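Topology and contacts: notes
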Amino acid sequence: MSSKKLLPPKTGDLSDWYTSVIALADLADYGPAKGTMIIRPYGYAIWERVVSELDAEIKLKGVDNAYFPLFIPMSLLQKEADHVEGFAPELAVVTHGGGEELEEKLVVRPTSETIMYQSYSKWVQSWRDLPILINQWNNVVRWEKRTMPFLRTSEFLWQEGHTAHATHSEAEEMQMWGIKTYAKIYRDFFAMDGYEGYKSKSERFAGADNTLTYESLMPSGKALQACTSHDLGQNFSRPFDISFQDKEGVMQNVWQTSWGFSTRSIGGLVLAHGDDNGLRLPPKLAPIQVIIVPVKPQDSGLVEYCKKLYDALNGQVRVKIDMRDDESFGYRLNKWEVKGVPLIFKIGNKEAEAGQVTAKRRFDGIDVAIDAS
RNA sequence: CGGGGAUUGGCGCAGUUGGCUAGCGCGCGCGGUUUGGGACCGCGAGGUCGAAGGUUCGAGUCCUUUAUCCCCGACCA
């Protein structure tokens, strides 16, 4: 009957609370190399939910997925001056391969503009080749000085969309679509409101004419840059020579955009919705939406009742039964609370006899009796 | 990059002015009693103390070198 709290209060040291929740909810571990993170199955399941929703939106817009290499030759990265200057301090560079020093150093991609646009320059000849609408889901590396799980890690997962258009207005429309889509995902799936707007000149993406951002307020009082969408103008199409003949036969450079949404969003989710009892997940992103917890997993009658509930729900919602009989009832309840499961079904003889369930709502902590029929 | 802290079983820690077989809690395994909000008893497995070198009869404790991680600030999805 111990009442000791394993989790420090959210209102205390927020950073302490944050890292504790990440660990206790089995979202992630620290990797052995500085600033790296191991995303555990439960944390990855949340990301998979995000990927599946955002990917559907991207495809709906007519953007195709592709994959470009992890390694970028140094010379390629250096083609756009602002871009290389912006990223130089945080590059991971490969100097050796196969036991020998490389003729040309390779950069582990911090973002893929350069390596993708080299291809774009080959693929675009005519106005008929436009627009190019390509997205990729991948990992990128930025050697950050200061790191924090999900919010800022040396390596992170994201999607990066890269488009090329015949006109600036078309590119602007695309950039706007990017931030609107992200905002929609944040509002509808993360249940996180935020502010859409332009970044100041000093904060905009290295190589962009302007950057649209969606920023959400965190409990620390700081805004989290949740995702960005850039108007690249012709800053890359000129050095990379991405040009085409328009309908009048005039050579022109393309207008480009890029936009990204990363695993940082999971960190924002934890910060925005977590409480003193741990994580609270919005149902649309929760890997498990309903957890059925029998008071006595040894009681075969009770288990049978739970399985009937499970069968009725399975397929409609993401549901699991917690059958561990070596953990006390209270321990199991707290375990799922920390993990942020939206609904916890507490099932004992009382419920089985009445044909009901007692559902604990994670978001407000209230017990509700529901008829099981 | 600047400032702090740390490194001892899986995790969190203790280990005095150097001294016996390196401890404790949690977790883990086995057995039993329990089970409506983080249960309990018994038995048990598991570490050579971040790394390298040195001082000493003797080093987790002292010295030198070194590696790594975490936290706090300025910069970034």
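Predicted, not measured: the structure shown is a model, and the values here were computed from it.

1. Describing the sheet that holds strand E3 (residues 64-65)
- Taken together, seven strands build an open sheet; the order of strands is E3-E7-E8-E14-E11-E10-E9 and the sheet is mixed. Two strands close off the open sheet at either side, each with one partner strand: E3 and strand E9 (195-198).
- The pairing of strand E8 (residues 155-165) with strand E14 (residues 255-262) spans eight bridges and is classified as antiparallel. Across the sheet, threonine 163 pairs through a bridge with threonine 257, a residue of E14.
- Helix-sheet contacts for helix H2 (residues 41-60) involve E3, strand E7 (132-141), E8 and E14, and the interaxial angle to E7 is about 165°.

2. What to know about the sheet that holds strand E17 (residues 343-347)
- Strand order in the open sheet made by the five strands is E16-E15-E17-E18-E19, with mixed pairing throughout. Of all the strands in the sheet, the pair left with one neighbour each is strand E16 (319-321) and strand E19 (367-371). Strand after strand, the sheet turns through a mean of 25° between neighbouring axes, direction not considered.
- Of the strand pairs in this sheet, strand E15 (residues 290-294) and E16 are connected by three bridges, and their pairing is parallel. Bridging from a neighbouring strand, isoleucine 292 pairs with isoleucine 321 of E16.

3. A closer look at the pairing of E15
- When you tally the buried positions in E15, you get five out of five residues, the bulk of the element.
- Side chains of E15 alternate between two faces, with Val290, Ile292 and Pro294 and Ile291 and Val293 buried alike.
- Where E15 and E17 come together, five bridges link them in parallel fashion. What sits directly across from valine 293, in E17, is lysine 346.

4. As for helix H7 (residues 264-273)
- Counting buried positions along H7 yields eight of ten residues, so the element is predominantly enclosed.
- Those residues of H7 not exposed but buried are Ser265, Ile266, Gly267, Gly268, Leu269, Val270, Leu271 and His273.
- Looking at the buried positions of H7, the neighbouring elements they touch are helix H1 (14-24), H2, helix H6 (168-188), strand E11 (223-233) and E14.

5. Here we look at the side chain of serine 258
- Relative to the elements of secondary structure, serine 258 occurs in strand E14.
- Engagement of the side chain of serine 258 in a polar contact is seen with the side chain of glutamate 113, the distance being 2.9 Å.
- Excluding its chain neighbours within four sequence positions, the residues that come into contact with serine 258 are Glu113, Tyr117, Gly161, His162, Ser229, His230 and Leu232.

6. Description of the nonpolar core
- Tyr18, Leu27, Phe190 and Phe261 are the most contacted members of the largest nonpolar core, which totals 55 residues.
- Sort the elements by how many residues they give to this core and H6 lands first, with seven residues.
- When sequence neighbours within four positions are dropped, the list of residues in contact with tyrosine 18 reads Met148, Pro149, Phe150, Leu151, Gly267, Val270 and Leu271.
- Residues Tyr120, Phe205, Phe244 and Val254 belong to the second largest nonpolar core, which totals 27 residues.

7. Quick look at the pattern of salt bridges
- In the structure shown here, the tally under the stated rule is 20 salt bridges.
- Across the salt bridge formed by lysine 199 and glutamate 215, the nearest N and O atoms sit 2.7 Å from each other. Of this pair, lysine 199 sits in the loop between E9 and strand E10 (210-217) while glutamate 215 sits in strand E10, and the two are 16 residues apart along the sequence.
- By relative accessible area, lysine 199 is classed as buried at 10%.
- Since its relative accessible area comes to 18%, glutamate 215 is described here as buried.
- For lysine 346, the salt bridge is made with aspartate 367, and the minimal N-O distance between the two is 3.2 Å. Of the two residues, lysine 346 sits in strand E17 while aspartate 367 sits in strand E19, which places them 21 residues apart along the sequence.
- With a relative accessible area of 41%, aspartate 367 lands in the partly exposed category.
- Among the charged side chains, a network of salt bridges with common partners joins Asp322, Arg324, Asp326, Glu327 and Lys335.

8. Focus on the confidence of the model for chain A
- Counting all residues, the mean pLDDT for chain A is 93, and 99% of those residues have values of 70 or more.
- The complex model carries a pTM of 0.95, and its ipTM stands at 0.87.

9. Quick word on the packing of aromatic side chains
- Within this structure, the stated rule accounts for 14 aromatic pairs.
- Each residue in the set Phe68, Tyr117, Tyr120, Trp123, Phe236 and Phe240 is aromatic and connected to the rest through ring pairs, giving one cluster.
- Geometry around phenylalanine 189 places lysine 284 over its ring, the cationic atom sitting 5.4 Å from the centre.
- The ring of tyrosine 42 has lysine 339 lying over it, and the distance from NZ or CZ to the ring centre is 4.1 Å.

10. A few points about the packing of H2 against H6
- Following both chains from N to C, one finds H2 and H6 inclined at 150°, their axes separated by 11 Å at the closest point. Here H6 runs roughly antiparallel to H2, going by the angle between their axes. The interaxial crossing formed by H2 with H6 has right-handed handedness. Residue-level inspection shows Glu53, Leu54, Glu57 and Ile58 of H2 in contact with H6, the latter providing Trp177, Thr181, Tyr182, Lys184 and Ile185.
- Considering only residue class, the contact of H2 with H6 consists of five nonpolar, one polar and three charged.

Rules used in this analysis
Residues numbered from 1 in each chain as written. Chains lettered and ligands numbered in written order. Predicted model: local features only at pLDDT ≥ 70, side-chain atom pairs only at ≥ 80, totals over all residues. Heavy atoms only, no water. Pairing = 2+ DSSP bridges. Helix = DSSP H or I, 4+ residues; strand = E, 2+ residues; numbered from the N terminus. Contact = heavy atoms within 4.5 Å. Axes fitted to C-alpha atoms, helices over the stretch in contact; angles between N-to-C directions. Buried < 20%, exposed > 50% of the residue type's maximum accessible area, 1.4 Å probe, protein only. Polar contact = N/O pair within 3.5 Å; in protein donor to acceptor, adjacent residues only side chain to side chain. Core = buried A, V, L, I, M, F, W, Y, C linked by side-chain atoms within 4.5 Å. Salt bridge = Lys/Arg side-chain N within 4 Å of Asp/Glu carboxyl O. pLDDT = per-residue confidence, 0-100. Phe/Tyr/Trp six-rings, centres within 6.5 Å; stacked < 30°, edge-to-face > 60°. Lys NZ or Arg CZ within 6 Å of the ring centre and 35° of its normal. Parallel < 35°, antiparallel > 145°, perpendicular 65-115°, else oblique. Left-handed = near helix turned anticlockwise from the far one by under 90°. Nonpolar A, V, L, I, M, F, W, Y, C, P; charged D, E, K, R; others polar.

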